[in-house]
Amino acid sequence: MGDLLDLLAVWMPRQRWYGTKGRDPQLTLVADWPLDDADARLLLVRDDAVQPAIVYQVPVAVRDEGTVLPGSLIGPAAEGQVWADATTDDAFTAALYSWVTVGGEVGEAQNGFIGIALASPEQRPATKVTARVLSGEQSNTSLIFRPDEGDEGAPVICKLFRQVNPGINPDVELQSALAAGGAAFVPAAIGEVRGSWITPENVPVSGSLAFAQEFFEGVEDAWRVALDAAAAADDFAARAYALGASVAGMHVALAEQFPTVEPDAADRAAVVGAWERRLAIALAEVPQLEPYADRIREVYAAAAEAAWPKLQRVHGDLHLGQVLDTPRNGWVLLDFEGEPLRPIHERLKPDVAVRDVAGMLRSFDYVSGAVADDDGAAVRAWVIAAQQAFLQGYAETAGRAPDDHDPLLAAFELDKAVYEAIYETRNRPDWVGIPLAAIGRLAPLG
Ligand SMILES: Nc1ncnc2c1ncn2[C@@H]1O[C@H](COP(=O)(O)OP(=O)(O)O)[C@@H](O)[C@H]1O
Ligand SMILES: O=P(O)(O)O[C@H]1O[C@H](CO)[C@@H](O[C@H]2O[C@H](CO)[C@@H](O)[C@H](O)[C@H]2O)[C@H](O)[C@H]1O
């Protein structure tokens, strides 16, 4: 296994889902489950390059040289054979599909995993399918299972969580509950995989490994729809209003299905502390922010003194790219994992729902940064109209909405823009001007 860990230490940093770019992985094997049916292995590998350490899920298989796709090649194994990333391997994907649509068990109760089928009788997944890895910038690896010709079943998307944390992943927890409660604004749940393992410190842990949902074939996400509409100067008010109503419907349902709490001083201090910590990281990584630091802190201080609503579970990383435009269900919300740069224990707590509203307002603002326009004025007007319509749609369904002078909304918008300044500096430096311009507007210098 030593050799394979050495190979993974070179291969993993080249993967989009590897979370700590720029550092050499320090890998330890946490679990190694043989998958006899697939002639493959499911590994959990801990990386101590950062603290707290990150546990990654890495399915692998030994295959004949020359039979593996170049992007899936991890490195040499025995004579004439190679280690491969099994997410592109037919035998592994067939096993995964069976765990989430039929169920199954591998290993033991404290050192293995179970597949749980969740589909309702109306949502009959196909029997014979062909798998394809979803391409694109992703924090996880998603597989699409399409029915083979003649199979009447529905297509399925299955997300294999690459970073594995203790506890049920909020993506699974929240979306399964919403779907079970009859919500049309999330995809139907098809199945999940839960693992149990013993940490190197001998602590038993359980966590989500995969989540499968109904796949909406051939639809666009709201980011693409909004970009096209803004570029064509199409009126987006009705669509933005409907999106506001879907987001509010999600908040109402989450508040009904999960506990809510009146925020006390400690809850407020935790949120304000997270804003300040993030600002400190941003100031260290994005020097252009320095002139705004005091103004940003004033906005946070005003929000800390304002009235706060009850805390509740939220989406946590809502933006237009997390929304699908579906003919059958209207706007459908995805990816309830929360912000990938935020610690998991913070993402699991009841939170301020305004965080999601701020995320969507920021996302509309990104449209003006991404669409070329002669003087910028027309696209800016489009953005403001979309933001206002979104807030109206939200208010109509939620029965209340932050207005655009709400101190809490202002602080969450700034916090999101600060997060984006870090995210863009690390991942897409050409885009950092978008959050920086927003910070200039949200915290104008005197
Ligand atoms: N149920 C679905 N139907 C159609 N497309 C989907 C579905 N779920 C996810 N997608 C597509 O996959 C992309 C990535 O999914 P997401 O849940 O955001 O993964 P990640 O956590 O890796 O970012 C989405 O932006 C969307 O384009
Ligand atoms: O989809 P993820 O959970 O990986 O989210 C991360 O990447 C997003 C970019 O893909 C990033 O979103 C930012 O850019 C979007 C346009 O590409 C924009 O609509 C969002 O408002 C903006 O925040 C997101 O912040 C990051 O967590």
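Looking at an unreviewed UniProt entry, the protein carries the name Maltokinase, with the source organism given as Microbacterium algihabitans. Recorded in UniProt for the protein, the comment headed Catalytic activity (unreviewed entry) runs: "D-maltose + ATP = alpha-maltose 1-phosphate + ADP + H(+)". UniProt annotates the protein under Sequence similarities (unreviewed entry) with the comment "Belongs to the aminoglycoside phosphotransferase family."

A. Seen up close, the site of ligand 2. Taken together, 13 residues form the shell around ligand 2, and within it Ser363, Tyr419, Glu420, Tyr423 and Arg428 come nearest. Ser363 is positioned with one of its side-chain polar atoms (N or O) 2.6 Å from an oxygen atom of ligand 2. Between ligand 2 and Arg428 there is a distance of 2.9 Å, counted from an oxygen atom to a side-chain nitrogen or oxygen. Contact with the protein chains removes 88% of the 540 Å² of surface that ligand 2 exposes when unbound. If you tally residues by element for the shell around ligand 2, the top one is helix H11 (residues 407–427), at three residues. Of the residues in the shell around ligand 2, the class split is five nonpolar, four polar and four charged.

B. A look at the sheet that holds strand E14 (residues 220–221). Taken together, the three strands give an open sheet; going across it, the order is E14-E15-E16, and neighbouring strands pair in antiparallel fashion. Looking at which strands have only one partner, the edges of the open sheet turn out to be E14 and strand E16 (330–333). By the bridge criterion, four bridges tie strand E15 (residues 323–326) to E16 in an arrangement that is antiparallel. Residue pairing for E16: Asp325 is matched across the bridge by Trp331.

C. Representation of the side chain of Arg162 in the model. Structurally, Arg162 can be placed in the loop between strand E10 (156–160) and strand E11 (163–164). Residue Arg162 is classed as buried on the basis of its relative accessible area of 0%. If we skip the residues at most four places from it in the chain, Arg162 touches Trp17, Val55, Tyr56, Gln57, Val58, Pro59, Asp85, Thr87, Ser139, Asn140 and Thr141.

Reading guide: rules and limits
- Residues numbered from 1 in each chain as written.
- Chains lettered and ligands numbered in written order.
- Predicted model: local features only at pLDDT ≥ 70, side-chain atom pairs only at ≥ 80, totals over all residues.
- Heavy atoms only, no water.
- UniProt positions renumbered as here; feature names shortened; annotations may be inferred.
- Near = heavy atom within 4 Å.
- Polar contact = N/O pair within 3.5 Å; in protein donor to acceptor, adjacent residues only side chain to side chain.
- Areas by Shrake-Rupley, 256 points an atom, 1.4 Å probe, with all protein chains shown as cover.
- Helix = DSSP H or I, 4+ residues; strand = E, 2+ residues; numbered from the N terminus.
- Nonpolar A, V, L, I, M, F, W, Y, C, P; charged D, E, K, R; others polar.
- Pairing = 2+ DSSP bridges.
- Buried < 20%, exposed > 50% of the residue type's maximum accessible area, 1.4 Å probe, protein only.
- Contact = heavy atoms within 4.5 Å.

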